[in-house]
Amino acid sequence: MAVKTLIPIARPVLDQAEVDAAARAILSGWVTQGPEVAAFEREFAAAVGAPHACAVSSGTTALHAALLAVGVQPGDEVITASHSFIATANAIRYCGARPVFVDIQPDTFNMDPAIVDRAVGPKTRAILAVHQVGLPCAIERMLDIARRRGVALVEDAACAIGSDVRVDAEWSPVGRPHGDVACFSFHPRKLVTTGDGGMITTRSADLDARLRALRHHGMSVSDLARHASDRVTFETYPTLGYNFRMTDVQAAVGRVQLARVPAMLARRRAQAARYNSLLASLAGVGLPAVPDYARPNWQTYTVRLPEGRDQKAVMQAMLDAGVATRRGVMCAHREAAYPRETWSCGADRRCDASGGPCPHLAHSEAAQDRTIAIPLFDGMTDDDQSRIAEALARSCRI
Ligand SMILES: *Cc1c(COP(=O)(O)O)cnc(C)c1O
C-alpha cells in the first residue's frame, strides 16, 4: 500500500521570525526573566484588555500560582471539571485542596453552571472554570455564582487566547479577565507557543503583586529591578514562593507569536466554518455547538460520533486513511492518580461515601468516549480538509 502523508492533528506556526527573536534574546546577554518578559507581559495585557499580566513557566504553574494567590489553602475545596486536561485538577491538589468535580453540559463540554451553584459548600474557596479547548464557558453565570456565594473565580483559559465572550451584553476577550484571575498556556498544542510557558491576567494590583512574588521565590525585588538600581539593594523573602519564571528567550518568541494571533484567528474561523459545511450532511455526526455568548478561537474542532460507532475503530480507520485524530478530552476522575478518596462529587456529597464509579459525571465520560478531535492548524489546506471530511464519512460507516 502506498504511504500517504499523514495530516497531523495540530502544528504550531513557527518560522524565522521566532528564530530571530530567540537569537536577539540570547545575544543580549540577559536570558532569564528580564526585559523581554516585561515587554511580553505588557503586550499580552494589551491584547486581552487586562490591567495586569504575569508570565510564568507553564499553564500548570499559572493555575497553581493563581489558586494560591486567591487564598486556596489545605483543607479547602475548589469546584472544577473532571473533563479537562489533568493539570486543572492537579493544580488544586498542589495547594493541598480538594477538587469537587461537576459535570459538563453535553453540547458545549463546559461546566454546567446549575451544578456549580449546588456544589458550593462551606469549605469552597474557589471555582476553577475551564474554557474547554478554547470555547468560553458560561462565565456570566459563573461570575454571578461566585459573587453571590463569596468565593473566588479562577479561569482556566489555557486554550482560550483570542476567544471572546459576551458579558453584560458586551463582547470582550477571554482573560480581561472576567473572574479574579485567568490562566493561559503556551504549550505547542495551544495557538500561541513559547515551547512551554504561561500567563496570568488580573484586574487587581494586589493579586498581581502576589503572583509576581510567588513566581520568584517570594522575593521582595526582581533580578531586573536589582540590576537596574544604582543603590545597593538587599532582597527579603516575606512569603514562601516558587521558581515559576519564564525565560527571556521564551518571552521573545512569545511576542512574535502574539502578533500572529489575529491572522491565526481569521484562518481558524474560516476553517471551522468550512468543516461545518463539509460535515453538515454526515448523518449522526454531532458538530461543535457555539452558544450565543461565545466566539471561540477554534483551538480544536471536536465532533461527536454517531450512535453505536466504536471510537477507537473510527480513529484507526482515520489513521489508516492518513488523518491523525485524538479522542475527546480526558476525565481526571477516571485516572489512577485520582482514587475516589482524593475528590468529591459536586452533584451529591453523599456520593463520596458510596465508593465505586460516580454516576454524576456521565456527560463528562460520554464526551471522552464518544467524541474525537480532527485536524485543525494554520497550514491545513482546503484539499486536506476535503480529505479529512471524506475519511470521516467513510470511517463512520464501518
Ligand atoms: C494545556 C492545558 C493546561 C496546562 O498547560 P501547560 O502549559 O501544559 O502546563 C491546563 N489546563 C488546560 C485546560 C489545558 O488545556
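Structural data are supplied above this passage.
Since this is a predicted model, take the numbers as computed values, not measurements.

Asks: Please clarify how the environment of Gly254 should be interpreted in this entry.
Replies: In this structure, Gly254 sits in helix α9 (residues 248-259). When the C-alpha positions of Gly254 and Phe186 are compared, they lie 8.1 Å apart, and in sequence the two are 68 residues distant. If we ignore the near neighbours within four places in the chain, the residues touching Gly254 are Phe40 and Thr194.

Asks: Quick question: what am I supposed to make of the nonpolar core here?
Replies: Across soluble globular proteins, nonpolar side chains show a tendency to be buried alongside one another. Counting 50 residues, the largest nonpolar core has Phe44, Ile79, Ile127 and Ile161 as the members making the most contacts within it. Here this core spans two domains, since at least three of its residues come from each of domain 1 (16-258) and domain 2 (262-397).

Asks: I'm lost on the environment of Val48 in this one. Help?
Replies: Relative to the elements of secondary structure, Val48 occurs in helix α2 (residues 35-48). In the structure, Val48 is positioned 129 residues away from Pro177 in sequence and 8.0 Å away in space, judged by C-alpha atoms.

Asks: For this particular structure, what's the right way to read the packing of helix α11 (residues 311-320) against helix α14 (residues 382-397)?
Replies: To characterise two packed helices, one gives the angle between the axes of the helices and the distance between these axes. Across the interface, α11 lies against α14 with an axial gap of 9 Å and an inter-helix angle of 140 degrees. What the angle tells us is that α11 and α14 run oblique. You can see that α11 and α14 cross each other, and the crossing is right-handed. Side by side, α11 and α14 meet where Val314, Ala317 and Met318 of the first sit next to Ile388, Ala391, Leu392, Ser395 and Cys396 of the second. For the contact of α11 with α14, a count of residues per class yields seven nonpolar, one polar and no charged.

Asks: Could you clarify how one ought to interpret empty space enclosed by the protein in this entry?
Replies: If a probe as big as a water molecule is rolled over the atoms, it shows which places are left empty. Scanning all chains against the criterion turns up two cavities of 30 Å³ or more. In this structure, the largest cavity occupies an estimated 120 Å³ of space. What lines the largest cavity is a set of 15 residues, and nearest its centre among them are Val133, Leu135, Pro288, Trp298 and Thr300. Across the lining of the largest cavity, the residue classes break down as nine nonpolar, five polar and one charged. Looking at the lining of the largest cavity, you find at least three residues from each of domain 1 (16-258) and domain 2 (262-397). The computed volume of the second largest cavity comes to approximately 100 Å³. Lining the second largest cavity are 13 residues, and of these Arg11, Pro12, Lys190, Leu191 and Arg268 sit closest to its centre. Class assignment for the residues of the lining of the second largest cavity results in seven nonpolar, one polar and five charged.

Asks: What's the story with a nonpolar patch on the surface in this structure? I'm lost.
Replies: Residues Ile26, Leu27 and Val31 make up a contiguous nonpolar surface patch of about 320 Å² in total accessible area. Mapping Leu27 onto the fold places it in helix α1 (residues 16-27).

Asks: Can you walk me through the pattern of salt bridges in this structure?
Replies: Two side chains with opposite charge may pair up if their charged atoms get near one another. Going through the model one piece at a time under the given rule, you end up with 23 salt bridges. Between Glu235 and Arg226 there is a salt bridge; the shortest N-O distance is 3.0 Å. The class for Arg226 is partly exposed, based on a relative accessible area of 31%. In this structure, Glu365 and Arg334 form a salt bridge, with 3.7 Å as the shortest nitrogen-oxygen distance. Note that Glu365 is positioned in helix α13 (residues 362-370) and Arg334 in the loop between β12 (326-327) and β13 (344-345), a separation of 31 residues in sequence. Given the relative accessible area of 35%, Arg334 is considered partly exposed. A single salt-bridge network, built from bridges that share partners, covers Arg24, Glu36, Glu43 and Arg255.

Asks: Whenever I open this one, α1 confuses me. Can you help?
Replies: Counted at 1.5 Å a residue, the expected span for α1 with its 12 residues is 16 Å, and the 16 Å between its end C-alpha atoms agrees. The inward-facing, buried residues of α1 abut α2 and α9. With its phi angle positive at about 90 degrees, Gly29 sits one or two positions after the end of α1.

Asks: I'm lost on the site of the ligand in this one. Help?
Replies: Taken together, 15 residues form the shell around the ligand, and within it Gly59, Thr60, Asp156, Ser185 and Lys190 come nearest. Within the backbone of Gly59, one N or O atom sits 2.8 Å away from an oxygen atom of the ligand. Side-chain polar atom of Lys190 to an oxygen atom of the ligand: 2.6 Å apart, as the coordinates give it. Isolated, the ligand exposes 380 Å² of accessible area, and the fraction of that covered by the protein chains is 91%.

Thresholds, definitions, all that
- Residues numbered from 1 in each chain as written.
- Predicted model: local features only at pLDDT ≥ 70, side-chain atom pairs only at ≥ 80, totals over all residues.
- Heavy atoms only, no water.
- Helix = DSSP H or I, 4+ residues; strand = E, 2+ residues; numbered from the N terminus.
- Contact = heavy atoms within 4.5 Å.
- Core = buried A, V, L, I, M, F, W, Y, C linked by side-chain atoms within 4.5 Å.
- Buried < 20%, exposed > 50% of the residue type's maximum accessible area, 1.4 Å probe, protein only.
- Domains from an automatic or database assignment.
- Axes fitted to C-alpha atoms, helices over the stretch in contact; angles between N-to-C directions.
- Parallel < 35°, antiparallel > 145°, perpendicular 65-115°, else oblique.
- Left-handed = near helix turned anticlockwise from the far one by under 90°.
- Nonpolar A, V, L, I, M, F, W, Y, C, P; charged D, E, K, R; others polar.
- 1 Å grid on protein atoms, 1.4 Å probe; cavity = no way out; pocket = protein on both sides within 12 Å on 5 of 7 lines; lining within 4 Å.
- Points joined across faces, edges and corners; volume = space filled by probe spheres on them.
- Patch = residues over 30% accessible without salt bridge, like charges linked within 9 Å, V, L, I, M, F, W, Y side chains within 5 Å.
- Areas by Shrake-Rupley, 256 points an atom, 1.4 Å probe, with all protein chains shown as cover.
- Salt bridge = Lys/Arg side-chain N within 4 Å of Asp/Glu carboxyl O.
- Expected span 1.5 Å × (residues − 1).
- Near = heavy atom within 4 Å.
- Polar contact = N/O pair within 3.5 Å; in protein donor to acceptor, adjacent residues only side chain to side chain.

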